[in-house]
Amino acid sequence: MNILLIGSGGREHALAWKLAQSPLCTTLFACPGNPGIAAHAELVDLTIEDHAAAVAFCEERRIGLVVIGPEAPLVDGLADSLRSAGVPVFGPGKAAAQLEGSKAFTKELCERHNIPTAGFVRVTSEAQGLAALDAFAIPVVIKADGLAAGKGVTVAMSRAEADEAVREIFSGRFGAAGAEAVIEEFMEGEEVSFFAITDGHTVVPFGSAQDHKRVGDGDVGPNTGGMGAYSPARVLTPLLEGETLERIIAPTVRGLADEGTPYSGVLFAGLMLTNQGVKLIEYNCRFGDPECQVLMLRYQGDLAELLLATAENRLATLPPPRFSDDAALTVVIAASGYPGAPAQGGEIGALAKAEAEGAKVFHAGTAMDGGRLVSKGGRVLNVTASGQSVGAAQKIAYHAINKIDFNDGFFRHDIGWREVEREAKE
């Protein structure tokens with residue numbers, strides 16, 4: 001079977017690495033891919049916004065499965081166009097992808113189906129947003145409604161900061177993503193990521209992780225797309241995982257199906273473990289990045305078989321996904337200046353030395369320039385390792401990082417710190 005993978009980041013490199021291991025995979029194509037993905041796939045140049053071109057490529061190359069990595073093509077309806085042409089796709093259609101494409105869509109779905117989440121209000125203008133803040137305690141969370149590349153969320157620690165966040169959203173800074181906003185109550189607790197695979201009927205758990213959003217050690221500085229992650233997140237106990245499936249995931253899948261927008265793909269639930277139980281922060285309609293990297297390192301099954309069964313509505317015919325008992329941890333090496341104005345063009349070397357230390361290096365923001373591997377800016381590499389504990393995986397990952405030559409890069413030195421501290425007390 002020929003497979004087409006859409007995307008170019010570290011998440012897609014991890015998916016490509018795992019898909020290429022499948023006995024079902026004859027040829028793996030990737031669009032647009034990156035130099036790391038090129039080791040596993042044939043890179044193709046398609047304008048993915050041109051759905052007709054994507055369909056034509058799939059017909060020409062006899063693609064048996066398309067895996068859509070990032071959220072933008074899902075929200076744009078690429079899965080619908082491919083399915084209409086008879087191509088099996090892993091990923092939700094446009095209507096169901098509103099779970100990520102619209103914060104208000106998700107919050108209102110939760111309200112209709114009694115799914116535990118933070119109290120909220122949807123606002124459509126600056127004046128309405130500023131007035132709505134009167135009903136919320138400080139701190140308060142303000143979110144642009146649409147896709148804003150992770151930059152449209154503010155946890156305001158003062159009323160002045162909250163007012164400014166509302167004004168910023170409606171100033172046009174986030175484009176169409178800021179046409180509306182959601183104001184939410186702040187939830188106290190520890191945050192964790194939970195993943196489930198569903199074909200719209202059957203739901204199977206697909207692991208947990210905890211990522212580190214802040215740019216600096218000790219969880220300080222601005223939010224990023226994620227500076228590292230580890231899996232499993234043991235703080236999400238089997239009891240809490242069961243609660244999540246019963247009270248959050250299952251009602252979401254059932255509610256979407258009942259409302260005529262069935263969901264097929266991976267559900268990535270950002271959860272808050274509060275004193276009142278598990279609550280949903282938000283949904284993503286694709287694998288997390290960098291959470292995908294640690295999940296793929298632990299996953300022991302045939303990924304192509306799993307994703308194809310999901311695309312063909314026969315997930316119930318497969319055994320539950322299997323994961324290694326070992327922990328996995330990934331550290332993001334970002335370009336200096338990230339998440340503001342990251343440097344580009346810095347040369348990268350000695351990745352083989354890092355992998356000789358037992359780590360797997362996934363490419364996120366890399367390019368080839370005249371035979372040299374260079375940074376494209378942003379998050380550049382994901383140095384990923386496994387071990388019998390999070391602490392053991394952490395040591396391998398950081399030891400490998402020290403072998404890499406990348407003068408323009410930086411990384412956090414404390415990825416996994418919460419779990420490492422918990423392990424030390426055992």
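To be clear, the structure that these remarks concern was listed above.
Owing to the predicted nature of the structure, the values given are computational and were not obtained by experimental measurement.

Colleague: It is not clear to me how a nonpolar patch on the surface should be interpreted in this structure. Could you clarify?
Modeller: Taken together, the side chains of Val155, Met157 and Phe186 define a hydrophobic patch exposed on the protein surface, amounting to about 250 Å² of accessible area. Relative to the helices and strands, Phe186 is located in the loop between β9 (181–185) and β10 (190–198). On the basis of relative accessibility, which here comes to 32%, the residue Phe186 falls in the partly exposed class.

Colleague: Is there a simple way to think about the sheet that holds strand β8 (residues 153–156) in this case?
Modeller: Hydrogen bonding along the main chain pairs the strands of a sheet, whether they run parallel or antiparallel. Taken in spatial order, the four strands make up an open sheet running β6-β9-β7-β8, and their pairing is antiparallel. One side of each edge strand has no neighbouring strand; the edge strands of this open sheet are β6 (120–123) and β8. Between one strand and the next, the sheet's axes are offset by a mean angle of 15°, whatever the strand orientation. Against the sheet, helix α6 (residues 103–112) contacts β6, β7 (140–144) and β9, and its axis sits at roughly 140° relative to β6.

Colleague: Mind showing me how you'd approach the side chain of Thr244 here?
Modeller: Structurally, Thr244 can be placed in helix α9 (residues 238–258). Apart from residues lying up to four places away in sequence, Thr244 is in contact with Phe194, Leu236, Ile249, Leu271 and Val278.

Colleague: So what exactly am I meant to see when it comes to the nonpolar core here?
Modeller: One recurring pattern in soluble globular proteins: nonpolar side chains tend to sit buried together. One finds Leu4, Val66, Leu82, Ile249 and Leu271 to be the most contacted residues of the largest nonpolar core, which totals 46 residues. What Val66 contacts, discounting residues up to four positions off in sequence, is Leu4, Ile6, Cys58, Leu82, Val87, Pro88, Val89 and Phe90. If you look at the next biggest cluster of nonpolar residues, it comprises 42 residues, including Leu15, Trp17, Phe206 and Leu295.

Colleague: Just checking my understanding: could you explain the environment of Arg173 for this structure?
Modeller: Looking at where Arg173 falls in the secondary structure, it is placed in the loop between α8 (159–170) and β9. Of the polar contacts made by the side chain of Arg173, one reaches the side chain of Glu168; its length is 2.3 Å.

Colleague: When you look at the pattern of salt bridges in this model, what are you seeing that I'm missing?
Modeller: Two side chains that carry opposite charge are able to pair once their charged atoms sit near each other. Applying the stated criterion across every chain yields a total of 28 salt bridges. Notably, a salt bridge pairs Glu60 with Arg61, separated by 3.7 Å at the nearest N-O pair. In this structure Glu60 comes out as exposed when scored by relative accessible area, which is 57%. Classification of Arg61 as partly exposed rests on a relative accessible area of 29%. Among the ionic pairs, Glu126 bridges to Arg167, the shortest N-O distance being 3.9 Å. Of this pair, Glu126 sits in helix α7 (residues 126–132) while Arg167 sits in helix α8, placing them 41 residues apart in sequence. According to the relative accessible area criterion, Glu126 is partly exposed, its value standing at 33%. Accessibility expressed as a relative area gives 37% for Arg167, which makes it partly exposed. Each of Glu190, Arg234, Glu419, Arg422 and Glu426 takes part in one network of salt bridges that share partners.

Colleague: Would you take a moment to explain the sheet that holds strand β5 (residues 89–90) for this structure?
Modeller: Ordered in space as β3-β2-β1-β4-β5, the five strands form an open sheet in which the pairing is parallel. Either end of the sheet is taken by a strand with one partner, and the two such strands are β3 (42–43) and β5. Both strand β2 (residues 27–32) and β3 contribute to a ladder of two bridges, which runs parallel. Looking at the pairing, Phe29 lines up with Glu42 of β3. Relative to the sheet, helix α2 (residues 51–60) contacts β1 (2–7), β2 and β4 (63–68), its axis offset from that of β4 by approximately 140°. The strands touched by helix α11 (residues 303–311) within the sheet are β1, β4 and β5, with β4 carrying the most contacts at an inclination of about 95°.

Cut-offs and rules
Residues numbered from 1 in each chain as written. Predicted model: local features only at pLDDT ≥ 70, side-chain atom pairs only at ≥ 80, totals over all residues. Heavy atoms only, no water. Patch = residues over 30% accessible without salt bridge, like charges linked within 9 Å, V, L, I, M, F, W, Y side chains within 5 Å. Areas by Shrake-Rupley, 256 points an atom, 1.4 Å probe, with all protein chains shown as cover. Salt bridge = Lys/Arg side-chain N within 4 Å of Asp/Glu carboxyl O. Helix = DSSP H or I, 4+ residues; strand = E, 2+ residues; numbered from the N terminus. Buried < 20%, exposed > 50% of the residue type's maximum accessible area, 1.4 Å probe, protein only. Pairing = 2+ DSSP bridges. Axes fitted to C-alpha atoms, helices over the stretch in contact; angles between N-to-C directions. Contact = heavy atoms within 4.5 Å. Core = buried A, V, L, I, M, F, W, Y, C linked by side-chain atoms within 4.5 Å. Polar contact = N/O pair within 3.5 Å; in protein donor to acceptor, adjacent residues only side chain to side chain.

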